[in-house]
Amino acid sequence: MATLITPPHFSAVEDAEALRNAFKGWGTDEKAIVGILGHRNAVQRKQIREAYDQLFQEDLVKRLESDLSGHFERAVYRWILDPADRDAVLANVALRKSEYDFKVLIELSCVLSPEEFLAVKRAYQFRYKHSLEEDVASHNQGDLRKLLVALVGVYRYNGEEINAKLANSEADILHEAIKKKDFNSDEVIRILSTRSKAQLNATFNRYREEHKLSITKDLLGESAVSEFQKALHATVRCINDPHKYYAKLLRDGIKKIGTDEDTLTRVIETRAEKDLKHIKEVYYKKNSVSLDDAVSKEISGDYKALLLALIGKQD
Amino acid sequence: MTLNDEIQALTKAFTGLGVDEISFVTMGRKWKPEERQSFRKANPDFFPEDERHFERCDLEKYIKRLEQEFMRFKEVIVLWTLHPWERDARMAKEAIENGPEAYAVLVEIACSRSSEELLGARKAYHSLFDQSIEEDASLNIEGPERKLLVALVSAYRYEGSSMVKEDEAKYDANAIKNADKNKLLEDDEIVRILATRSKRHIHEVYKQYKLNNNKTLDEDLAAAPILQETVQCLCSPEKYYAKVLNESLKDGADEKIRKALNRVIVTRADADMKNIIDEFQTKYRVALSEKIKNTARGSYKDFLLNLVARGN
């Protein structure tokens, strides 16, 4: 369920004019910007951009970029993009970061539907004149490259059919590999990066039935965990329980505020129109504090106001 | 026409590719029993004389031959009328099932189709086989080609017109140059470049490679034929296809190689047939249509010629 709250009456022209007013004069009226954009869905945001362009012969996005700054500017910029375009930007940002964040790529491959992911890849090509696959391949090496390029290149079958025998045999293959700490085996990568989500979930269930421990717990083990193991863990989580995955990311993101707001922005903006409500429920269960309260307490300024609007905090 | 000529014509009628139906029709109209006997005697391969001097028919061989040759027309029609995506998906499935001798077909599909065509084939694969081509390929292709082939069929290459970066191409060309000659197929960089880069970029890599080494990329990859085929399909598909067509039209080519004739002509008729025709002429000094006229028969021949003519 989405957390975004949109008003019953919508006029792209009115919104465009209101935004124009927010830019006029000294400084910018950030509150107005949040009040409008923080309560519009993707279709509406697109219409507002078009109306703004027609009325004022100016690109709303460029105007926002130049008038705003900091966390807030980045968040507003990403919010106003089309969802597929936003994901493309987030993927590119992640690839170029000095503290490389491969989780973004895993999310795209494992949480989005195959058709949604395809739209992201198209948007990426349009924006960056490279394919996502080439950039992921050239920004990675070794085992991580093997996994990520496979994940990013896949066009998963999206049917619900499950082959129980296959789930058995592949659960065993995964278990063997994990037991031997053979995490980067071709078979592990093959299974995780080519099977349909329905088939993989059946496999993970089978894993837990047979071996009493869930594959995610087994992957992390007891000793120090490599980056590659973390990537595998994220892959399984995203396919198996994305709400839990995102709730954890939010928790980590809030704790690291000031050093990493990218994760927080990403999770909230990419899920606000999808399943952020479910994610909030998991968040509360795990942390005994609501996401709304956590954001209110740990974050400040206009950035906070935007996030609160997106996560559905009623004033 | 003398009887001898007619007998020769009839023999010819089903010993090329396809069947010259009209010759058979004529036989039905004209030939008396003695003339049919002369035909049987003139074809001891199909009608071996036994110890009682009776030209019995090697039915199995004769029927098999006729079936095979009549089937060619049926096959090319079916191939032609399928949606291109379904056609590619079915050919890919067959290639995966047939093993290493058929992997070149996977290379053809992955490398000579446009990004959207390949994507369409992958969609069709979902519909037809309830699984993705990646699942099937990665599970069933064993051996060193697996990495390359799975990567190739998963490709979604950039096809826009932005400028190619020369320094990136130089870097990639070097990476290929430095690959371990004994493990070319499994070299991560080679797979990365050939399976993710845009075609225009790969053309530039080809160019840079030639500038900096005295040999061309495909020459240097000769140790791994499938890599050569990949580079050829990506950089100069008309050369690759002209060669495949020539092989398929040779006398005594085996059935597997013969199948390429239908596949190439149907899949390239509306693509780059004109370039293939030109290349064929340049390389083999004979028109493709001439070669087909000499080797194929009947309606099958006419259909192929029509497809080839679309390229003119």
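Residues numbered from 1 in each chain as written. Chains lettered and ligands numbered in written order. Predicted model: local features only at pLDDT ≥ 70, side-chain atom pairs only at ≥ 80, totals over all residues. Heavy atoms only, no water.

Draft legend 1. Structural view of the confidence of the model for chain B. When pLDDT is averaged along chain B, the result is 91; 100% of the residues meet or exceed 70. The complex model carries a pTM of 0.88, and its ipTM stands at 0.84. (pLDDT = per-residue confidence, 0-100.)

Draft legend 2. Looking closely at the state of the cysteines. Tallying each qualifying case throughout the model produces zero disulfides over all chains. No disulfide involves C110 of chain A; its nearest neighbouring cysteine sulfur is the one of C238 of chain A, lying 5.6 Å away. (Disulfide = S-S within 2.5 Å.)

Draft legend 3. Examining the interface of chain A and chain B more closely. Contacts between chain A and chain B engage 26 residues on the former and 27 residues on the latter. Contact between chain A and chain B buries roughly 2,400 Å² in total, counting both sides, with carbon and sulfur atoms accounting for 52%. Sorting the residues of chain A by area buried against chain B places E134, Y155 and Y157 of chain A first, and these three jointly supply 26% of that buried surface. Note that R146 of chain B and E187 of chain A form a salt bridge whose closest N and O atoms lie 3.9 Å from each other. In this structure, the connection of chain A to chain B is made through 14 residue pairs in polar contact (both at pLDDT 80 or more). Put simply, the parts of the chain that give the side of chain A that touches chain B at least two residues each are α8 (114-128), α9 (132-138), α10 (142-153) and α12 (186-194) of chain A. Among the elements that take part in the side of chain A that touches chain B, α8 of chain A stands out by supplying five residues, more than any other. Split into classes, the residues belonging to the side of chain A that touches chain B amount to five nonpolar, eight polar and 13 charged. (Contact = heavy atoms within 4.5 Å. Buried area = accessible area lost by both parts, 1.4 Å probe. Salt bridge = Lys/Arg side-chain N within 4 Å of Asp/Glu carboxyl O. Polar contact = N/O pair within 3.5 Å; in protein donor to acceptor, adjacent residues only side chain to side chain. Helix = DSSP H or I, 4+ residues; strand = E, 2+ residues; numbered from the N terminus. Nonpolar A, V, L, I, M, F, W, Y, C, P; charged D, E, K, R; others polar.)

Draft legend 4. The arrangement of the packing of aromatic side chains in detail. Counting across every chain of the model gives 12 aromatic pairs over all chains. Here F39 of chain B and F47 of chain B contribute two aromatic rings whose centre-to-centre distance is 6.2 Å and whose plane-to-plane angle is 65 degrees, an arrangement assigned as edge-to-face. Accessibility classification places F39 of chain B together with F47 of chain B in one group, the buried group. Counting every residue linked through ring pairs, the aromatic cluster contains W31, F39, F46, F47 and Y62 of chain B. Here K121 of chain A stacks its cationic end above the ring of F117 of chain A, 4.6 Å away from the centre of that ring. If you follow K129 of chain A out to its NZ or CZ, it ends over the ring of F126 of chain A, 5.1 Å from the centre. (Phe/Tyr/Trp six-rings, centres within 6.5 Å; stacked < 30°, edge-to-face > 60°. Buried < 20%, exposed > 50% of the residue type's maximum accessible area, 1.4 Å probe, protein only. Lys NZ or Arg CZ within 6 Å of the ring centre and 35° of its normal.)

Draft legend 5. Structural context of the pattern of salt bridges. Following the criterion strictly, the structure yields 62 salt bridges over all chains and no others. The closest approach of N and O atoms between D45 of chain B and K61 of chain B, which form a salt bridge, is 3.4 Å. Within this pair, whereas D45 of chain B is found in the loop between α3 (33-41) and α4 (59-81), its partner K61 of chain B is found in helix α4, the two being separated by 16 residues in sequence. By relative accessible area, which is 37% here, K61 of chain B ends up partly exposed. Taken together, the shared-partner salt bridges connect E134 and R145 of chain A together with E168, D172, E189, R192 and R197 of chain B into one network.

Draft legend 6. Structural view of helix α5 (residues 84-98) of chain B. All names here are of chain B. Between its terminal C-alpha atoms α5 stretches 21 Å, which fits the 21 Å expected from 15 residues at 1.5 Å a residue. Within the span of α5, buried status applies to R87, D88, A89, M91, A92, K93, A95 and I96. Looking at the buried side of α5, the elements it contacts are α4, α6 (103-112), α7 (115-129), α8 (133-140) and α16 (255-268). G99 occupies a position one or two residues after α5 and carries a positive phi of about 85 degrees. (Expected span 1.5 Å × (residues − 1).)

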